[in-house]
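For reference, the chains in residue letters:
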Amino acid sequence: MIKVDVEKRIQDENDRIAAQNRKAFAEAGVLVLNIISSPGSGKTTLLESTLDRIGGEMNVLVIEGDVSTERDMDRVRARGAEGIQINTGGGCHLSAGMIAEVLGGLDLESADVVFIENVGNLICPSTYDLGEDVRMVLLSTTEGDDKPMKYPAIFVEASLAILNKTDLLEHLQFDIEKVAGEIEVLNPGCQILRLSALRGDGMDAWIDWIRAKIAEKKGNS
Ligand SMILES: Nc1nc2c(ncn2[C@@H]2O[C@H](COP(=O)(O)OP(=O)(O)OP(=O)(O)O)[C@@H](O)[C@H]2O)c(=O)[nH]1
Ligand SMILES: [Mg+2]
C-alpha cells in the first residue's frame, strides 16, 4: 500500500514537470520525439542515418539518455547534431525532471525537432512522460517476434512503432506480419514503419513522416 502511494506521487510529480516541458516545447514550436527500445535495437543508428538525410534541411537537437558514457552523443555529434547527454548513473529511464534540467542549455527556438533517445530499456521508460509530442518504440528483428505481447505497455503507449533491421529478415525467424498484427491488436491505429537504419531501406518514409509532423507542429503553434 505504501509502495503504491510513493509510486503514484513520483508519477504525479513527473506528470507535472512533463506538462511544463510540453509548454516550453509548444512555445518554441519544436517537435519532440521520445525514442524507446531495448538496448541495441538501433536508436542511435536511426539518428545517425536520419541526420545524414535531414541534417542540412532541418535544425536538429538530440538529448541522449544513457546509464553512463557519452558514446551515443559522440556518434550524433559526429553527424553534425547539437545536444546534451544525460547520464542516469544507473537509472533505467529518463524522467521529465531530467529533461527540464537540461532545457536551459538548448536553443529550442531555432530547432525544428528534438530527438530524445531514452535509456535502452523496453519497460521502465514507457510510463514516464517527458513532455514529448510523440512516444515511439523501436523493435528490431534480432529481438524475436514475440516481444509486443510480452512487453505490451510501450506498444500500447506509443503512437509510432518502428520495426528495424529489416535487412536481416532473410537470416532470422522473425514473422514481421505477425508482429505488425500484434501491435495493431494492442494499439489499433498505431503507425508502423519498417526499415533498416543501417542499410537505408524504408528511411524515406520515416523522413517524410518527420517532415509531416514538423509541419503539423508548426501549424499548431
Ligand atoms: N544489420 C543491422 N544492424 C543494425 C541496424 N540498426 C542498428 N544496427 C546495429 O545494431 C547495433 C546497435 O545499434 P545502436 O544504434 O547502437 O543501438 P541503440 O538502440 O542505440 O543501443 P543503446 O543506446 O545501447 O540502447 C550496432 O551494431 C548497429 O550497427 C540495422 O538496420 N541493420
Ligand atoms: Mg544508443
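In this numbering scheme, every chain counts its residues from 1 along its sequence in written order. All chains are assigned letters beginning with A, and all ligands numbers beginning with 1, in the order in which they are written. Confidence filtering applies because this is a predicted model: local features only for residues at pLDDT of at least 70, side-chain atom pairs given and counted only at 80 or more, and all residues used for totals across whole chains, interfaces and linings. As a rule here, side-chain values come from all non-hydrogen atoms in the structure, and water together with hydrogens is ignored.

(A) Main features of helix α7 (residues 176–186). Only protein chains enter the accessibility calculation, which uses a 1.4 Å probe; a residue whose area is less than 20% of its type maximum is buried, one above 50% is exposed, and one in between is partly exposed. Under the DSSP-based scheme used, a helix requires at least four consecutive residues in state H or I and a strand at least two consecutive residues in state E, with every element numbered from the N terminus. Inspection of α7 places I176, V179, A180, E182 and I183 among the buried residues, and these make up the whole buried set. Mapping the buried residues of α7 onto a view down its axis gives an arc of 165°, with all of them on the same face. Exposed and facing more than 90 degrees away from the buried side of α7 are E177 and V185. Polar contacts here mean pairs of N or O atoms no more than 3.5 Å apart (in protein, one a potential hydrogen donor and the other a potential acceptor; neighbouring residues in sequence count only if both atoms are side-chain atoms). For α7, the N-terminal capping position is held by D175, with its side-chain oxygen 3.2 Å away from the main-chain nitrogen of E177. Note that the arc is defined by the directions from the helix axis to the C-beta atoms.

(B) View of the state of the cysteines. Criterion for a disulfide: a pair of cysteine sulfur atoms at a distance within 2.5 Å. Taken as a whole, this structure holds one disulfide when the rule is applied. Across the disulfide, C92 is cross-linked to C124 (sulfur-sulfur distance 2.4 Å). Taking the sign of the S-S torsion, about -95° here, the bridge from C92 to C124 comes out left-handed. Of this pair, C92 sits in the loop between β3 (82–87) and α4 (96–103) while C124 sits in the loop between β4 (113–117) and β5 (134–140); the two residues are 32 residues apart in sequence, bridging distant segments of the chain. Note on C92: relative accessible area 26%, which makes it partly exposed. For C124, a relative accessible area of 23% corresponds to the partly exposed category.

(C) Structural view of the coordination of the magnesium ion (ligand 2). Only nitrogen, oxygen and sulfur atoms within 2.8 Å of the metal, or 3.2 Å for Na, K and Ca, are treated as donors, and water is left out, so sites may look incomplete. The magnesium ion (ligand 2) binds to the protein through T44 (OG1), D72 (OD) and E117 (OE), with metal-donor distances spanning 2.1 Å. We note that the donor set of the magnesium ion (ligand 2) lies within a single chain, spaced as T-x27-D-x44-E. Here D72 is found in helix α3 (residues 71–78), whereas its partner E117 is found in strand β4, with 45 residues between them in sequence. Accessibility assignment for this pair places D72 and E117 in one class, buried.

(D) Summary view of the site of ligand 1. Residue proximity to a molecule or strand is established when one non-hydrogen atom of the residue lies within 4 Å of it. Near ligand 1, the surroundings consist of 19 residues, among which K43, T44, T45, R75 and D167 are the closest. A distance of 2.9 Å separates an oxygen atom of ligand 1 from a polar backbone atom of G40. Reported accessibility uses the Shrake-Rupley method at a 1.4 Å probe radius. Residues are deemed covered only where the shown protein chains occlude them. In isolation ligand 1 exposes 650 Å². Once the protein is present, 74% of that is buried. If one sorts the elements of the shell around ligand 1 by residue count, helix α2 (residues 43–54) sits on top with three residues. Classifying every residue of the shell around ligand 1 by side-chain character gives four nonpolar, nine polar and six charged. Basically, the charged four are Asp, Glu, Lys and Arg, the nonpolar ten are Ala, Val, Leu, Ile, Met, Phe, Trp, Tyr, Cys and Pro, and anything else, Gly included, counts as polar.

(E) How the structure looks around the packing of α2 against helix α8 (residues 203–220). A fitted line through C-alpha atoms represents every axis, and for helices the fit uses only the stretch in contact; the resulting angles, taken between N-to-C directions, go from 0 to 180 degrees. Direction vectors running N to C along α2 and α8 enclose 75°, while the axes themselves pass 11 Å from each other. When the axis of α2 is compared with that of α8, the two are roughly perpendicular. Contacts between α2 and α8 pair L46, S49, T50, R53 and I54 from the former with M203, W206, I207 and I210 from the latter. When its residues are assigned to classes, the contact of α2 with α8 shows six nonpolar, two polar and one charged. Orientation labels follow simple angle bins: below 35 degrees gives roughly parallel, above 145 gives roughly antiparallel, 65 to 115 gives roughly perpendicular, and whatever is left gives oblique. The contact definition used throughout considers only heavy atoms, calling two residues in contact when any of these lie within 4.5 Å.

(F) Examining the sheet that holds β5 more closely. Spatially, β3-β2-β4-β1-β5-β6-β7 is the arrangement adopted by the seven strands of the open sheet, whose pairing is parallel. Where the open sheet ends on each side, the last strands, each with one partner, are β3 and β7 (191–194). Each strand axis lies, on average, 20° off the axis of its neighbour in the sheet, ignoring direction. Pairing of strand β6 (residues 160–164) with β7 involves four bridges; the strand directions are parallel. In the strand pairing of β7, A161 is matched with I192. Along the sheet face, α4 touches β2 (60–66), β3 and β4 and points at about 140° away from the line of β3. Its contacts with the sheet put α7 on β5, β6 and β7, and the angle it makes with β7 is roughly 160°. Any two strands between which DSSP finds at least two bridges are classified as paired.

(G) A look at the packing of α2 against α3. The interhelical angle for the contact between α2 and α3, taken along N-to-C directions, is 15°, at an axis separation of 9 Å. Our classification of the angle between α2 and α3 gives roughly parallel. The hand of the α2/α3 crossing is right-handed. When α2 is examined against α3, the residues T44, T45, L47, E48 and L51 are found in contact with a partner set consisting of D72, R75 and V76. Taken together, the residues of the contact of α2 with α3 break down into three nonpolar, two polar and three charged. Left-handed describes a crossing whose near helix is turned anticlockwise from the far helix through less than a right angle; right-handed describes the clockwise counterpart.

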